[in-house]
Amino acid sequence: MPAQPLPDFVTADVDLAGRTTLALPGRAAYLAEISSCRQLAQLAGWQGRRRFVLGSGSNVVLSKDFDGLLLQMAIAGRELVGEDAEAWYVRAGAGENWHQLVLWTLANGWPGLENLALIPGTVGAAPIQNIGAYGLELADRLQSLEAFDMDRGRPLQLDRAACRLGYRDSVFKQQGWHLDARRVITSVTFRLPKDWQPLTGYADLAAELDRRQLADPDARQIADAVIAVRSRKLPDPAVMPNAGSFFQNPVVSAEVGKRLRRRCPDLPCHVQPDGRLKIAAGWLIEHSGWKGRDLGRVGMYEKQALVLVNRGSALGSEVMALAHAVQDAVRQRFAVELTPEPVIL
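Residues numbered from 1 in each chain as written. Predicted model: local features only at pLDDT ≥ 70, side-chain atom pairs only at ≥ 80, totals over all residues. Heavy atoms only, no water.

Participant: Break down the sheet that holds strand S16 (residues 277–279) for me, citing the residues and quoting the values.
Facilitator: Each strand in a sheet pairs with its neighbour through backbone hydrogen bonds, running either in the same direction (parallel) or in the opposite one (antiparallel). Read from one edge of the open sheet, three strands run S14-S16-S15, paired in antiparallel fashion. Looking at the sheet topology across the chains shown, the edges are occupied by strand S14 (251–252) and strand S15 (269–271). In the sheet, S14 pairs with S16 via two bridges, with the strands oriented antiparallel. Across the sheet, Val-252 pairs through a bridge with Leu-277, a residue of S16. (Pairing = 2+ DSSP bridges. Helix = DSSP H or I, 4+ residues; strand = E, 2+ residues; numbered from the N terminus.)

The following block contains the structure:
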């Protein structure tokens, strides 16, 4: 039991099966529904017990019961907080649904997030992972974020540079704040440029726009195309539990990339600014024999090898066994290491 009395918004012994999109069994010793910074201030002095911030649970593998305090982020709100000659500035609470925020900005005539449509999760989780899709990363649109320092019991603000965003990376991951909740994101401000330029270079998106005969699409049309592509390739977690893309696309040296391309000319890859190559993890998994293949009650999705799915009543240990099997197969065939995207609790 904690040394301090429990605030009335903290619940003990909570079932977590319905709070993660992989629908794995498990319980939390304590869970707090966080709808304001005031509540975080009340919990800042709760020392000696592990903490973790939970959004929509779309990027979490619950491998066992959680013996600490889960902070379920529910801070709401979205608003236009500024505008200048170059951009609109939009702020959203950390508990807002990411996809709904994208649709709201487009409905208001503020383009810029359309390539990130239908990505699962909450606004507060987006900077931690530096979410990205179809040629756009959150780093391209982040202005700043507000967070709460649980050590000092006070709010703070981080600009884009302080967030140290990289491919599926940020200062929150670099410092381990995403695991111990020492810094909890409460809101995010986005810079949406008025000199908007469509990003349609990715093959799947370009093919969908071509199918729709859209040579000069607007932002809403790009979002609709992204939604269509993602819906075809990715299972609905409400129907087939999953955590989206389970592995990061590995980034390899130019030398390793050259070797792989000589061996596999059709390997999808993208050259990075530093000369390294980001290669498609889904292609590696498929060509290692795991697309549509199950291991017990879990498997790699038949339409997108990058997605690990729960076929029904799976345990966290089964998810991890499959993840390790896929990593081993890719390592043996291509000498490339795959890194899981979700946090393993």
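Participant: Could you give an account of the sheet that holds strand S6 (residues 78–83), with specific residues and numbers?
Facilitator: In spatial order, the strands read S6-S7-S12-S10-S11; together these five strands make up an open sheet with antiparallel pairing. Across the chains shown, the open sheet's two edge strands, defined by having one partner strand only, are S6 and strand S11 (154–159). Neighbouring strand axes in the sheet, compared pairwise and without regard to direction, differ in orientation by 20 degrees on average. Both S6 and strand S7 (residues 87–93) contribute to a ladder of five bridges, which runs antiparallel. (Axes fitted to C-alpha atoms, helices over the stretch in contact; angles between N-to-C directions.)

Participant: Could you give an account of the pattern of salt bridges, with specific residues and numbers?
Facilitator: All chains considered together, the criterion is met by 23 salt bridges. A salt bridge links Arg-168 to Glu-341, with the shortest nitrogen-to-oxygen separation between them at 3.6 Å. On the criterion of sequence distance, the pair formed by Arg-168 in the loop between helix H4 (160–163) and helix H5 (171–174) and Glu-341 in the loop between helix H11 (316–334) and strand S20 (343–344) is long-range, its members being 173 residues apart. Summarising the burial analysis for this pair, Arg-168 and Glu-341 share the class buried. Ionic pairing is found between Arg-276 and Asp-274, a salt bridge with its closest N-O pair at 2.8 Å. Residues joined by salt bridges that share partners form a network here, namely Asp-149, Asp-151, Arg-152 and Arg-183. (Salt bridge = Lys/Arg side-chain N within 4 Å of Asp/Glu carboxyl O. Buried < 20%, exposed > 50% of the residue type's maximum accessible area, 1.4 Å probe, protein only.)

Participant: Run through the packing of helix H7 (residues 203–211) against helix H8 (residues 219–233), naming residues and quoting values.
Facilitator: Look at H7 against H8: their axes get within 9 Å of each other, and the N-to-C directions meet at 115 degrees. Judged on the interaxial angle alone, H8 and H7 are roughly perpendicular. The element H7 and its partner H8 pack so that their crossing is right-handed. Between H7 and H8, the residues in contact are Asp-204, Leu-205, Glu-208, Leu-209 and Arg-211 and Gln-221, Ile-222, Ala-225, Val-226, Ala-228, Val-229, Arg-232 and Lys-233, respectively. (Parallel < 35°, antiparallel > 145°, perpendicular 65-115°, else oblique. Left-handed = near helix turned anticlockwise from the far one by under 90°. Contact = heavy atoms within 4.5 Å.)

Participant: An account of H8 is requested, with residue identities and associated values reported.
Facilitator: Between its first and last C-alpha, H8 extends 21 Å over 15 residues, near the 21 Å set by a 1.5 Å rise per residue. Within the sequence span of H8, burial applies to Ala-219, Ile-222, Ala-223, Ala-225, Val-226, Ile-227, Ala-228, Val-229 and Arg-230. Where H8 starts, the residue carrying a side-chain oxygen 3.2 Å from the main-chain nitrogen of Arg-220 turns out to be Asp-218. (Expected span 1.5 Å × (residues − 1). Polar contact = N/O pair within 3.5 Å; in protein donor to acceptor, adjacent residues only side chain to side chain.)

Participant: Tell me about the pairing of strand S12 (residues 183–193), and please be specific about residues and values.
Facilitator: Across the 11 residues that make up S12, a large majority, 10, are buried. By the bridge criterion, seven bridges tie S7 to S12 in an arrangement that is antiparallel. The residue of S12 that forms the bridge with Ala-92 is Val-188.

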